[in-house]
Amino acid sequence: MCGRISLCSFFPPMKPLKFSFLLFVFIFFFFGCSWSLPLDSLIVNSTIQHRNYTAISKFRVVNRRALLDCPVKNPFLRINVSSGSNMLSDEEFVTVTVSGVLRPSKGHWVAMISPSHSDVAGCLLNGFLYAQTGDLSNLPLLCHYPVKAQWMSNDPDYLSCKKKECMKYNNEGTCEISGCSGAITFHVINIRTDIEFVLFAGGFDIPCILSRTSPLSFADPKAPLHGHLSTIDSTGTSIKLRWVSGDKEPQQVEYGDGKTLTSQVSTFTQDNMCSSVLPSPAKDFGWHDPGFIHSAVMTGLQPSSTFSYRYGSKSVGWSKQIKFRTPPAGGSNELKFLAYGDMGKAPRDASTEHYIQPGSLSVIKAMAEEIDNGNVDSIFHIGDISYATGFLVEWDYFLHLISPVASRVPYMTAIGNHERDYIDSGSVYITPDSGGECGVPYETYFPMPTPEKDKPWYSIEQGPVHFTVISTEHDWSLNSEQYQWMKKDMASVDRSKTPWLIFTGHRPMYSSSGGLLNVDKFFVHEVEPLLLQSKVDLVLFGHVHNYERTCSVFQSICLAMPTKDANGTDTYDHSNYKAPVQAVIGMAGFKLDKFTNNEIWSLSRISKFGYLRGHATKEEMKLEFVDAETRKVGDSFRIIKR
């Protein structure tokens with residue numbers, strides 16, 4: 001979701017905001033970065049107001065700091081990198097050692113930069129580029145954003161100088177100058193472009209460059225990586241495989257009993273990114289070359305069955321052999337699925353990054369165990385996928401994170417505000433939440449069975465469930481193309497074949513967490529009646545970062561309440577249908593939201609990291625909130641039809 005309070009948050013999605021934004025940009029351009037005006041409080045307190053754009057931490061505004069020359073040069077200072085070999089592997093932990101430091105400081109930090117030729121000088125003319133984020137700090141530090149950074153004080157012996165060596169001896173052989181050293185560890189994955197590590201002093205507020213390493217290259221920048229699966233229809237017999245490589249030449253996938261397919265190759269460029277009056281992060285300092293995305297559809301499979309595959313080529317190498325499970329065909333008797341929103345990713349080292357979703361690591365680990373135990377046919381990630389928001393290298397880290405699950409079962413997605421929204425881009429909401437991505441990386445990495453590009457709505461049937469997946473970021477008003485599609489899709493459901501109808505998208509209709517953009521009353525007014533008319537059984541949304549379940553609700557009124565079964569589980573009887581059950585499941589990674597309001601329609605509220613586990617037969621659906629840390633079930637409910 002986007003920031004609770006932001007310049008854009010106080011306005012509905014309509015054109016007057018565009019004028020306000022352009023007026024603000026004109027003022028900023030005319031008077032320059034150093035000019036001060038008693039602006040409205042919506043703009044002045046950018047650290048709070050825009051915390052979900054660029055100011056969530058001091059590291060996130062490092063590009064808006066003036067680059068200063070370090071006042072004292074140290075001839076003894078060295079920074080070195082040790083890894084398993086001279087070339088970097090596809091994944092490893094490297095140790096960065098700084099030595100010859102005369103005065104260790106809390107303000108010393110190391111940034112990982114890629115590509116290595118990136119300009120780490122000040123970009124004096126680029127101060128204007130960040131006005132769209134609402135951050136009016138001084139000037140950018142780097143022309144290219146660091147992938148990640150760490151404080152040297154992460155080494156507990158650094159500040160106390162426990163690791164000391166003599167740097168200069170006098171004529172008597174006595175040590176005249178001693179230097180301190182420290183070492184920190186970085187988790188590095190194959191992002192295809194060379195990297196280097198740069199040592200800074202002055203913290204994130206007044207940084208200056210002290211030293212930098214030589215460029216480090218990956219052993220195989222063309223390696224096939226990050227394979228992930230999705231379904232293209234409801235038969236369970238065809239699975240799309242997508243992977244990333246630095247090689248633009250077609251590769252192959254080998255699967256089943258010796259079948260081979262050649263990949264289709266695509267990519268995207270900076271020119272495909274959005275911008276407004278000012279270049280966006282994706283267009284400018286957040287850009288990173290995505291390499292090439294390969295795709296192939298494995299056909300002739302059997303539903304609810306296990307197969308193996310590998311992808312790559314003789315020239316670039318092959319992935320390991322991976323076993324995957326096809327989903328059940330639409331209309332079959334059973335489906336086991338996991339669902340969640342707002343996961344993102346987090347570093348596997350002590351680094352600070354552009355955007356960190358702290359719960360993502362535990363959620364992925366718990367879900368991988370579910371797949372190991374054979375409990376998962378499919379996964380649904382409903383918006384706010386990677387939180388790259390214009391810092392493109394973070395898509396690589398996200399794809400790496402989900403690989404243990406997305407390479408083994410279909411990984412179905414819905415688009416969220418942090419994938420799509422941007423000014424003058426056609427999105428309903430004109431906040432800069434996507435950082436200029438405008439859905440292009442999302443649709444390239446995760447092509448769902450949608451009508452066409454930038455129409456990211458679709459339906460799929462698996463087992464006894466019909467899933468209607470919409471985009472809350474595209475026009476959903478009564479006369480829109482998407483609304484008419486929703487209406488037609490849900491009216492066409494054969495309840496004798498798929499008795500359960502699940503409706504899902506990103507932004508919720510109900511939340512007791514407050515916040516101006518948590519719930520859009522216009523969206524509720526337009527779409528909620530259609531859910532009732534279509535007899536939707538379950539509605540799943542994300543955007544708000546917690547778990548919440550409602551009664552059978554319509555227009556904020558409980559039309560029916562669940563009863564307790566013999567095990568004390570809340571049970572909704574849809575033999576006598578009254579209204580949908582709605583659940584917010586945005587608790588998979590992003591910092592958790594608290595509950596601020598008490599609402600009569602809210603029956604269960606949990607602010608912990610986790611995911612929704614679903615088990616559907618033709619007689620009932622059982623849903624459980626699973627705590628990712630403890631693996632315990634925090635909430636359980638059933639929907640039945642007699």
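In this text the structure is predicted, and so the values were computed from the model without any measurement.

Novice: How should I be thinking about the overall build of the protein chain in this particular structure?
Specialist: For the protein chain, the helix and strand inventory stands at nine helices and 33 strands. For the protein chain, the residues scored as buried account for 59% of the 642 residues in total. Considering only residue pairs separated by 6 or more positions, the protein chain has 73% of its internal contacts joining residues 24 or more positions apart. As displayed, the protein chain offers around 24,500 Å² of accessible surface, 52% of which is attributable to carbon and sulfur atoms.

Novice: Please clarify how the sheet that holds strand S28 (residues 570-573) should be interpreted in this entry.
Specialist: Backbone hydrogen bonds are what pair the strands of a sheet, in a parallel or an antiparallel way. Sheet architecture is open: eight strands sit in the order S20-S19-S18-S31-S32-S33-S28-S27, paired in mixed fashion. Edge strands, defined here as strands with exactly one partner in the open sheet, are strand S20 (411-414) and strand S27 (563-564). With four bridges connecting them, strand S18 (residues 334-340) and strand S19 (residues 378-382) associate as parallel partners. Considered in S19, the bridge of Ala339 is made with Phe380. In the packing of helix H4 (residues 360-372) onto the sheet, the strands contacted are S18, S19, strand S31 (610-617) and strand S32 (620-627), and the crossing angle to S31 comes to about 25°.

Novice: Where do I start with the environment of Val493 in this structure?
Specialist: The residue Val493 is located in the loop between helix H8 (481-491) and strand S23 (500-504) in this model. On the basis of relative accessibility, which here comes to 12%, the residue Val493 falls in the buried class. Setting aside chain neighbours within four positions, we find Val493 in contact with His466, Thr498 and Leu501.

Novice: Even after reading the chapter, I still don't get the pairing of strand S10 (residues 239-245), so can you show me in this structure?
Specialist: One face of the sheet, then the other: side chains in a regular strand alternate in exactly this way. Of all the seven residues making up S10, seven are buried; the element is thus mostly covered by neighbouring parts of the structure. By the alternation rule, side chains of S10 split into Ile239, Leu241, Trp243 and Ser245 and Lys240, Arg242 and Val244, which are all buried. Relative to S10, strand S9 (residues 225-231) runs antiparallel, the two being bridged by five bridges. Bridge pairing in S10 links Thr231 to Ile239. Alignment of S10 against strand S14 (residues 292-298), held across seven bridges, turns out to be antiparallel.

Novice: Help me understand the pattern of salt bridges, please; the structure alone is not making it clear to me.
Specialist: A side chain of one charge can pair with a side chain of the opposite charge if their charged atoms are brought near each other. Scanning the model with the defined rule gives 30 salt bridges in all. Lys622 is paired through a salt bridge with Glu624; the nearest N and O atoms lie 3.7 Å apart. When salt bridges that share partners are traced, they join Lys148, Lys345, Asp349, Glu353 and Glu394 into one network.

Novice: Whenever I open this one, the nonpolar core confuses me. Can you help?
Specialist: If you look at soluble globular proteins, the nonpolar side chains tend to sit buried side by side. One finds Met343, Ile402, Tyr411 and Phe446 to be the most contacted residues of the largest nonpolar core, which totals 69 residues. Among the elements that make up this core, the one with the highest residue count is helix H5 (residues 393-406) (seven residues). By size, the runner-up hydrophobic cluster in this structure holds 24 residues, among which are Leu77, Ile189, Ile191 and Tyr397.

Novice: Please clarify how the side chain of His466 should be interpreted in this entry.
Specialist: As for its position among the elements, His466 is in strand S22 (residues 465-469). Residue classification places His466 among the buried positions, given a relative accessible area of 4%. Setting aside residues up to four positions removed in sequence, His466 forms contacts with Ser459, Ile460, Glu461, Asp489, Val493, Thr498, Trp500, Leu501 and Ile502.

Novice: What is the right way to look at the packing of aromatic side chains in this model?
Specialist: Aromatic rings in a pair are described by how distant their centres are and how their planes are angled relative to each other. For the structure on display, the rule yields 28 aromatic pairs. Ring centres of Tyr355 and Tyr387 lie 5.4 Å apart, and the angle between their planes is 80°; on these two criteria the pair is classed as edge-to-face. Within this pair, whereas Tyr355 is found in the loop between S18 and H4, its partner Tyr387 is found in the loop between S19 and H5, the two being separated by 32 residues in sequence. Here the aromatic rings of Tyr572 and Phe637 are separated by 6.0 Å at their centres, their planes lie at 80°, and the arrangement is edge-to-face. Here Tyr572, found in strand S28, pairs with Phe637, found in strand S33 (residues 633-640); they are 65 residues apart in sequence, far enough to count as distant. Ring pairing ties together the aromatic residues Phe268, Trp287, Trp395, Phe398, Tyr411, Tyr442, Tyr445 and Phe446, which thus form one cluster. Taking NZ or CZ as reference, Arg310 lies 4.1 Å from the ring centre of Trp318, over its face. Lying over the aromatic face of Trp500, Lys641 brings its terminal NZ or CZ to 4.8 Å of the ring centre.

Novice: Looking at this structure, how should I read the state of the cysteines?
Specialist: Where two cysteines share a covalent bond between their sulfur atoms, that bond is called a disulfide. If you walk through the whole model with that rule in mind, you get five disulfides. What pairs with Cys551 in a disulfide is Cys558, and their sulfur atoms sit 2.1 Å apart. Between Cys551 and Cys558, the disulfide has an S-S torsion of -90° and is therefore left-handed.

Novice: Can you walk me through the sheet that holds strand S7 (residues 196-201) in this structure?
Specialist: The four strands lie next to each other as S4-S3-S7-S8, forming an open sheet whose pairing is antiparallel. Each edge of the open sheet carries a strand with a single partner, namely strand S4 (148-151) and strand S8 (208-212). The mean inter-strand angle of the sheet, taken between neighbouring strand axes irrespective of direction, is 30°. Where strand S3 (residues 109-113) lies against S4, four bridges are found, and the strand directions are antiparallel. Looking across to S4, one finds that Trp109 is bridged to Trp151.

Novice: Could you clarify how one ought to interpret the pairing of strand S5 (residues 164-169) in this entry?
Specialist: With five bridges connecting them, S5 and strand S6 (residues 175-189) associate as antiparallel partners. Residue Cys166 lies in a different strand from S6, and its bridge partner there is Ser178. Hairpin geometry of S5 and S6 is characterised by an intervening segment of five residues between the two adjacent antiparallel strands and by a positive phi of about 85° at Gly173.

Novice: How should unusual backbone geometry be read in this particular structure?
Specialist: Of all residues except glycine, most have a negative phi; of all peptide bonds, most are trans. In the Ramachandran plot, Cys438 falls in the positive-phi region, its phi being about 55° despite a non-glycine side chain. Here Cys438 lies in the loop between helix H6 (417-420) and helix H7 (440-445). The backbone of His543 shows a phi angle near 75°, a positive value even though the residue is not glycine.

Novice: Where do I start with the confidence of the model for the protein chain in this structure?
Specialist: Counting all residues, the mean pLDDT for the protein chain is 87, and 85% of those residues have values of 70 or more. A low-confidence stretch, residues 124-128 (pLDDT under 50), is modelled with 11 contacts involving residues beyond four sequence positions or located in other chains. Below a pLDDT of 50 lies the segment residues 130-141, which in the model reaches 64 contacts outside its immediate sequence neighbourhood of four places, other chains included.

Novice: Where do I start with H8 in this structure?
Specialist: For an α-helix the count is 3.6 residues per turn, leaving residues at separations of three or four pointing the same way. Every buried residue belonging to H8 is among Gln482, Tyr483, Met486, Asp489 and Met490, and all of these are buried. What you see down the axis of H8 is that its buried residues fit within an arc of 130°, all on one side. Across H8 from its buried face, at more than 90 degrees, point the exposed residues Lys488 and Ala491. Those residues of H8 that are buried are in contact with strand S21 (458-462), S22, S23 and helix H9 (521-533).

Here is what the cut-offs are and how they apply
Residues numbered from 1 in each chain as written. Predicted model: local features only at pLDDT ≥ 70, side-chain atom pairs only at ≥ 80, totals over all residues. Heavy atoms only, no water. Helix = DSSP H or I, 4+ residues; strand = E, 2+ residues; numbered from the N terminus. Buried < 20%, exposed > 50% of the residue type's maximum accessible area, 1.4 Å probe, protein only. Contact = heavy atoms within 4.5 Å. Areas by Shrake-Rupley, 256 points an atom, 1.4 Å probe, with all protein chains shown as cover. Pairing = 2+ DSSP bridges. Axes fitted to C-alpha atoms, helices over the stretch in contact; angles between N-to-C directions. Salt bridge = Lys/Arg side-chain N within 4 Å of Asp/Glu carboxyl O. Core = buried A, V, L, I, M, F, W, Y, C linked by side-chain atoms within 4.5 Å. Phe/Tyr/Trp six-rings, centres within 6.5 Å; stacked < 30°, edge-to-face > 60°. Lys NZ or Arg CZ within 6 Å of the ring centre and 35° of its normal. Disulfide = S-S within 2.5 Å. pLDDT = per-residue confidence, 0-100. Arc of directions from axis to C-beta.

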